Amino acid sequence: MRVLLVEDDASLAESLMAALARSGIAADHAELAEEAELMLETAQYTALLLDLGLPDADGLTLLERLRKAGTALPVIALTARGAIGERIAGLDAGADDYLVKPFDFDELEARLRAILRRQAGLQSGALACGNVRLDSRSREMEVEGRRLAVSAREAAIAELLLRRPGRVVTRQLAEDQLFGHSEEFSSNAVEVYVHRLRKKLENAGADVRIETIRGVGYLLRPVD
Amino acid sequence: MRVAKPARLWPHSLIARVVLSQGVLIVLAAIGVWEIGGWQLRHAVVLEQRRVLVEQARQIAQGYRGGDKVDLPPSLELAYDSSYDGRAFVIITVKRGPVAGSRYADGIPWERVPTNTHATSFSIAPFGGISMPFTHSKRQYWVVVTQDESGPGVILHRVIAQSMHGFAVLIVLLLLAFGLFDYILVRSLIGKVAQASDGAAAIGPKNLAARLDEQGLPSEVGPLVHAINDLLDRLEASFTSQSQFVGNVVHELRTPLATLRLQARDVDAAPVRARLEDQVDRISHVITQLRHLALLDSAPQLGEDVRLDDLARDVVVELAPRALDSGHTIALETQTPGATVIGNPTLLSLALINLVANAIDHTPRGTAIRVGVGPRALSVEDDGPGITLHDREHLTRRYWRADRKRSDNAGIGLAIVHRIMELNGGRLEIFTPPEGGAGFSLIFAH
């Protein structure tokens, strides 16, 4: 895989390039949006690390242009603007993820790898977190390489959670995904399926756990 | 401690000053007009009486034929034939005393009458009159004409006095009318000034663009209001540039901090590296809060309908991973689904995020955090160690920290929450939940 870093600050770019190299991630560096566009045309990248505060064209503008052109390239926005509204603007413009400076490099690496895994998973249909794997096409689940028998709805919930490991999946979203608009379901239906899936994962010795955020939803995270 | 000011005789209020000085002026003017007017009238009467007496004395002197013989004009003859009004005359010489006189001249104290070379008024109670020298057959005589000053003829004095009373009332009423007019005039002018003051009082960081109305102000106050508007112009410019400056500084600092954070990875000694990273994170947190503080004072208070349940859910979704990572549990309890308030959604989110982040950062592992949604209220409770009463008093002060050694900053966070609620017209309340721990409520006014 090859990552393109677009960052105008020379020191930060240098440190980031060094850190990426040490983590075994091949990367190129562009200082300006214009330069980045040229490089994106000529080479094949697996992800884009984009500073939103570029001197020539705002990173957001570049991102919007890329998305309008139909590029599916995963983008992690690096922003010095921390205000909530500005972060949301970044995500709206088509960033897959964002990090506010100063960020932890391990965090960046993890998000980068998650995005890349998701990319790979989209192609193969495989989702994974810890020792849990799910083939989203066949809906077959595995824990530690052993097959885990789950119902279609349990698999659907597992897919929702595995697509957003470490992030909250709201109950609203789960209901929308599990049941059609016309379908009748009881108010604790999702809770019931989650409970069953949680038990199955526990019994199978999974190293991830489904946490309940009462009143909000669920979250998949590694067992402490 | 405030020291009570001694009572002041001269009031601060302009209207009170005008009324007070007008009152004093009215009293002085009434007394002055009464005294001077009365004196002038009396003086005029005295002069007139003297003129009449001098005229009569001249006629008497002309009518003197020597010896005790006096030829009077018929009008005078009649007047001096009665004792009415104490009217009498006598002609005297210095050596021989009276030589001729009217019928009732006996009472005239001629011995004490002045004998000067010119007509002289005298007043020997109860008589008043004049003594006027004249010569007849080369001899020097004085004709003395008197009038009883207590007699009914002097009724004129009383008439004057009476009319002066009426006059005085008229004067006082007139002066009071002037005073009232002045009061109304000054009041209306002061009213304009008070309007300008109200306008000035309403101007804050949020509406620095507002200016005072310079229309209809008295020209004496106009320059002051104009100067205030000029001051506001400069203040606004400086405020805006300061707010932008803070924003730019924070923005500019983040990139070098990111570099620093990355370079800290090169430090081999793990404890040193961890400390470095902590310090960078702390600086980053402080400058973020700084940016929020600057943003608060310049952010427009958008009057949007904000759904409290959605807002609280978004905040919990954003912070739940952080809460779980630090060993806390977090839950949302929505008592009133669909409840809305009016406010700036970004700022209200920021307020709740600060409260939840404080609960995560300031309570030990295992603490349960509950975010509550009520009608016009959001709350964040925890079952941690709670806040002492002493700390509570300081909690919303900017830059205050419950534990000064701690490398976080609940102080700024709560100050921001406090300020957001202030701007929104609501308030931040700190309470102790029934099960113990700490509780913070955002109470909205509308």
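Just so we're clear, the structure is a prediction, and the values are computed from it rather than from any experiment.

Cut-offs applied
Residues numbered from 1 in each chain as written. Chains lettered and ligands numbered in written order. Predicted model: local features only at pLDDT ≥ 70, side-chain atom pairs only at ≥ 80, totals over all residues. Helix = DSSP H or I, 4+ residues; strand = E, 2+ residues; numbered from the N terminus. Buried ≥ 20, exposed ≤ 12 C-beta atoms within 10 Å, placed from the backbone. Contact = placed C-beta atoms within 7 Å. Core = buried A, V, L, I, M, F, W, Y, C linked by C-beta atoms within 7 Å. Nonpolar A, V, L, I, M, F, W, Y, C, P; charged D, E, K, R; others polar. Pairing = 2+ DSSP bridges. Axes fitted to C-alpha atoms, helices over the stretch in contact; angles between N-to-C directions. pLDDT = per-residue confidence, 0-100. Left-handed = near helix turned anticlockwise from the far one by under 90°.

Draft legend 1. Just the overall build of chain B, in detail. If you tally the helices and strands in chain B, you get nine helices and twelve strands. Residue burial in chain B is summarised as follows: out of 446 residues, 27% are buried. Long-range pairs, those at least 24 residues apart, make up 61% of the contacts in chain B with a sequence separation of at least 6.

Draft legend 2. Looking closely at the nonpolar core. Core analysis: the biggest nonpolar cluster contains 71 residues, and B:Ala312, B:Val316, B:Ala320, B:Ala351, B:Leu352 and B:Val356 have the highest contact counts within it. Ranked by residues supplied to this core, first place goes to helix α7 (residues 345-362) of chain B with eleven residues. Excluding its chain neighbours within four sequence positions, the residues that come into contact with B:Ala320 are A:Val168, A:Ile213, A:Val216, A:Leu219 and B:Ile330. The next biggest cluster of nonpolar side chains, apart from the first, holds 42 residues, and it includes A:Leu12, A:Leu112, B:Leu257 and B:Ala258.

Draft legend 3. Representation of the interface of chain A and chain B in the model. At the junction of the two partners, chain A supplies 28 residues and chain B supplies 30 residues. For the side of chain A that touches chain B, the secondary structure elements donating two or more residues are α1 (10-22), α4 (84-92), β10 (168-170), β11 (208-213) and β12 (217-222) of chain A. The leading source of residues in the side of chain A that touches chain B is α1(A), at five residues. Tallied by class, the residues present in the side of chain A that touches chain B amount to 13 nonpolar, seven polar and eight charged.

Draft legend 4. Expanded view of the sheet that holds strand β1 (residues 2-6) of chain A. Residues and elements named next belong to chain A. Judged by pairing direction, the sheet is parallel, and its five strands sit side by side in the order β2-β1-β3-β4-β5 without closing on themselves. Lying at the two open borders of the sheet, with one neighbouring strand each, are β2 (26-30) and β5 (97-100). Direction aside, the axes of adjacent strands within the sheet are offset by 20 degrees on average. Of the strand pairs in this sheet, strand β3 (residues 47-51) and strand β4 (residues 75-79) are connected by four bridges, and their pairing is parallel. By the bridge assignment, Asp51 is partnered in β4 with Leu78. Each of β1 and β2 is contacted by helix α2 (residues 33-42), which is oriented at about 160 degrees to β1, the strand it contacts most. Packing of helix α3 (residues 59-68) onto the sheet brings it into contact with β1, β3 and β4, and relative to β3 it is tilted by some 150 degrees.

Draft legend 5. Seen up close, the confidence of the model for chain B. Residues and elements named next belong to chain B. Mean pLDDT over chain B: 81, with 89% of residues reaching 70 or higher. Taken as a whole, residues 398-408 scores under 50 in pLDDT and shows 17 contacts with residues more than four places along the chain or in a different chain. At the level of chain-chain contacts, confidence expressed as ipTM amounts to 0.76, with global pTM at 0.59.

Draft legend 6. Molecular detail of the packing of helix α6 (residues 308-325) of chain B against α7(B). All names here are of chain B. Contact pair α6 / α7: the axes reach a minimum separation of 10 Å and the direction vectors enclose 35 degrees. You can see that α6 and α7 cross each other, and the crossing is right-handed. Contacts between α6 and α7 involve Leu311, Ala312, Asp314, Val315, Leu319, Arg322 and Ala323 from the first element and Pro345, Leu348, Ser349, Leu352, Ile353, Val356, Ala357 and Ile360 from the second. When grouped by side-chain class, the residues that make up the contact of α6 with α7 number twelve nonpolar, one polar and two charged.

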